[in-house]
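Take a look at the letters that make up each chain.
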Amino acid sequence: MSHDSAAGLSPVERRVLESTPFAALYPPAEKIRTLVVDNFPALGKLAAMRFIEWVQGHPGGVISLPTGKTPEHFIKWVQRLLQGWQTPAVRRELEEAGIDPGRRPDMGSLHFVQIDEFYPINPAQQNSFHAYVSHYYIKGFGLDPRKALLIDGTRIGLPPGHTLGSAWPADEVDLSLRYRAAHTPLEQLQQRVLAGVDQWCQEFESRVRELGGIGFFLGGIGPDGHIGFNVRGSDHRSTTRLTAVNYETQAAAAGDLGGIEVARKRLVITIGLGTITHNPECCAIVIAAGEAKAQIVAAGVQQPAHIDYPATSLHALPQARFYLTLGAAKLLGQRQVVLLEQAPALDEEEIEKVVVDLAVARRKRVEELDRDDFAADERGAVLLRRCPEPVAALTGRVRASLIAKLERGMSTRSQTRFLHTEPHHDDLMLGYLPYIVRHVRQASNTHHFVCLTGGFTAVTNQFIQDHLARLARFLDTPQFVRLHGQGYFAPENENGRNRDVWQYLDGVAAGDDQDLREEGAARRFLRNLIGVYGEESLEGLRRRMGKLEVYFSTQDPGQKDAPQMQQLKSLCREWEAECLWGYFGWSCPNIRHLRLGFYTGDIFTREPTVDGDVAPILELLEEVHPDVVGVALDPEASGPDTHYKVLQAIAEALRRYEEQSGRSDIRVWGYRNVWYRFHPAEANIFVPVSLNMFATMHNAFMNTFISQKNASFPSSEHEGPFSELAQRIQVEQYQKLKTCLGRQWFHEHPSPLIRGTRGLVYLKDLSLEEFYARSRQLQAYAEQG
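Note that the structure is a prediction, hence the values are computed from the model and not measured. (Residues numbered from 1 in each chain as written. Predicted model: local features only at pLDDT ≥ 70, side-chain atom pairs only at ≥ 80, totals over all residues. Heavy atoms only, no water.)

**Student:** Explain the sheet that holds strand β7 (residues 241–243) to me, using residue names and the numbers behind them.
**Tutor:** With antiparallel pairing, the three strands of this open sheet are ordered in space as β4-β8-β7. If you trace the sheet from one side to the other, it starts and ends with β4 (116–119) and β7, each paired once. Going across the sheet, the axis of each strand differs from the next one's by a mean of 25 degrees, ignoring polarity. Strands in contact with helix α8 (residues 185–210) are β4, β7 and β8 (267–270); relative to β7, the strand with the most contacts, it is inclined by about 130 degrees. (Pairing = 2+ DSSP bridges. Helix = DSSP H or I, 4+ residues; strand = E, 2+ residues; numbered from the N terminus. Axes fitted to C-alpha atoms, helices over the stretch in contact; angles between N-to-C directions. Contact = heavy atoms within 4.5 Å.)

**Student:** Tell me about the packing of aromatic side chains, and name the residues and values.
**Tutor:** With the rule as written, the count across this model stands at 33 aromatic pairs. Relative to Phe489, the ring of Tyr488 lies with its centre 5.0 Å away and its plane at 90 degrees, an arrangement referred to as edge-to-face. Given a relative accessible area of 2%, Phe489 falls into the buried group. A connected cluster of aromatic rings, assembled from ring pairs, spans Phe51, Trp54, Phe74, Phe112, Tyr132, Tyr136, Tyr137, Phe141 and Phe216. Over the aromatic face of Phe22 sits the side chain of Arg335, whose NZ or CZ is 5.4 Å from the ring centroid. Just above the ring of Tyr488 sits the side chain of Arg527; from NZ or CZ to the centre is 4.8 Å. (Phe/Tyr/Trp six-rings, centres within 6.5 Å; stacked < 30°, edge-to-face > 60°. Buried < 20%, exposed > 50% of the residue type's maximum accessible area, 1.4 Å probe, protein only. Lys NZ or Arg CZ within 6 Å of the ring centre and 35° of its normal.)

**Student:** Can you lay out the pairing of strand β17 (residues 757–767) for me, pointing to particular residues and giving the numbers?
**Tutor:** If a strand is regular, its side chains alternate between the two faces of the sheet. Where burial is concerned, most of β17 is hidden: 10 out of the 11 residues are buried. Pairing geometry for strand β16 (residues 685–690) and β17, over six bridges, is antiparallel. In the sheet register, Ile685 faces β17, and the bridge partner there is Leu763.

**Student:** So what about the pattern of salt bridges? Which residues, and what values?
**Tutor:** Scanning the entire structure with this criterion turns up 56 salt bridges. The closest approach of N and O atoms between Arg497 and Glu578, which form a salt bridge, is 2.8 Å. Taken as a pair, Arg497 in helix α21 (residues 494–510) and Glu578 in helix α24 (residues 563–582) lie far apart in primary sequence, 81 residues in all. Residue Glu578 is classed as buried on the basis of its relative accessible area, which comes to 2%. Salt bridges here are not isolated pairs; linked through shared partners, they connect Arg497, Asp500, Arg524, Arg527 and Glu578. (Salt bridge = Lys/Arg side-chain N within 4 Å of Asp/Glu carboxyl O.)

**Student:** So, the nonpolar core: which residues are in play, and what are the values?
**Tutor:** If you look at the biggest cluster of nonpolar residues, it comprises 65 residues, and the most contacted ones within it are Phe374, Leu383, Leu402, Leu654 and Phe771. At eight residues, the largest contribution of residues to this core is made by helix α26 (residues 642–661). The residues contacting Phe771, other than those within four sequence positions of it, are Val631, Leu633, Leu647, Ile650, Ala651, Leu654, Val668 and Leu766. Of all hydrophobic cores here, the second largest spans 55 residues; its members include Ile32, Tyr119, Ile151 and Val193. (Core = buried A, V, L, I, M, F, W, Y, C linked by side-chain atoms within 4.5 Å.)

Structure representation (structure tokens):
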């Protein structure tokens, strides 16, 4: 640890720094002090300890805290410390962190400033940030509501007698009314409201500055680098304002608001970057977890101050910090050098990472890299010092390893029972569909597909309304009346369930004949209604459909649904999965839906339990007796993530199954898709993907995952359906390998499979022991929180 880099750190920060291999700052590359912890729960603990420490020293201070999923462990730790302040366990934790347990923080003395809010939105809505901060901070931390500066759209700029609904009947705000003439009475009203909102924002800013500015700011960082809702391109001196946001931010907000269609309409009210930095003594902390944030974090830490990187506005604050997990810090170059230098021994994966990255950076084949290339690269130079073998031997070994991984991906297993698991209903197809398809072609294999959650949060209200409208067209037709009389729609009628799928896929094959497809979808939706509500008569079903239409047309998008509504949405996603695997000849008995209980639709979901979440998986393992289990492999213990919780439940079920059955030969295929990616060195199977396979994947996605066709809950990386993003990722992975091995290796290969390769899927093949080792590590991380 550098003593210079530790200057100005608080006691809490010094304790953490002493436990890590890093300094707090690596100039000139890094422009802001940065602390790195192992995992997501530890990140929340660090932020909570620093917050408590700051409050102890600043009674009556001004704080501003974040919303969303990132602060989950921060909130849990602060509440744990405050509620158990007098207990021996908490006092010991405080002392170990460098905090005096004899000085209880005076939470009631603090002034709270809400960072941002959607506009227009009713603060009473469960998914408003006003509701979030009121619940988790004002109530949860015991703050004084009279000292809170909150953003309540129903109290901002509205003339007497008007509401948000009367001012913005379509929930769309036209900011051009700030400078153009109003042409209708409604526009005249909206112009007045806009002026009122702008005036309120100015007064809000003045109130913050009258308090001396923000003393403690804690915030996440968005996919475009936004701090608060100060998106890429924001003025570093910006103040509180009503503004639009960019696509990346809308995509990130889609989950909160009930879909990108809603997010596109919403503006935001946000404090400015200048609001945060007004107080030169502000302790401004940005927290980030996971590899997905690594690129934007590296820009915020390493780039000079620029409007393209909002976090760089914090560089001038002496008490500004980045608190990161190892995954979020993986592109901070100097820190990767430190890890390489201090590793007790370099394993093949670390060596391969350095060599592959160097080849890609130099745009050279691996075997073309020479000693000068390594010497000119900081990590490469470390490799030269620590690996005594000649460079040619080093690069030759890496090249052979890459080829071996490709050759593994060319081969297929036979006489194998597969259990393909997924957290959400499209994870498998976006993860490793090409390898699944090639193993399906081997007739001696058996496949079982299981989704472990209900997936209902990815279904919009409008999608259900479309289903209701479709069913209304078919419900009274002679065909439906006859099938209903025959008991076809009974939920337990498995033959009928399969026929729903076949009817729909016949429609897909027929192309322009939409009736076949529409009838298949209507059949399944009717079956789902009967299953959820127990309605059996057609008259009762009509009444139920009317009630549902009222519910879904009046429910605020993004609000948590009642359990039966969640179940109905889950059944729609399950139908889509059955249609997908029906594409490849698998019927309903081979497609399972477990709907694990931890998945509730709450912003912070509980941890999986043995009885509620592990037991159903264990029962499935006992029935299927798999040889290979496909698992979404989360790269980091990011607690709120559904992938992580599913991984933990599967790992515990496999431990118990191995103990009961004595089978230790099961292989685990770890996959990632559009959310997380393997480095080539981390994976050990590279699956070739052809143009034909890309076409199959996209066609299947667009024709089966209808709820996702319009990308209502898209990735911030891509404006469009996930199948397009999956293709882009697989193409990028192929291009990286083509650089490392050379285009001739692919284009002149004796196998047409390799010559036709235009993309690659990366997989990690693990033994049970290797999988358990990862899982135990992840579980240990969570226990720290």
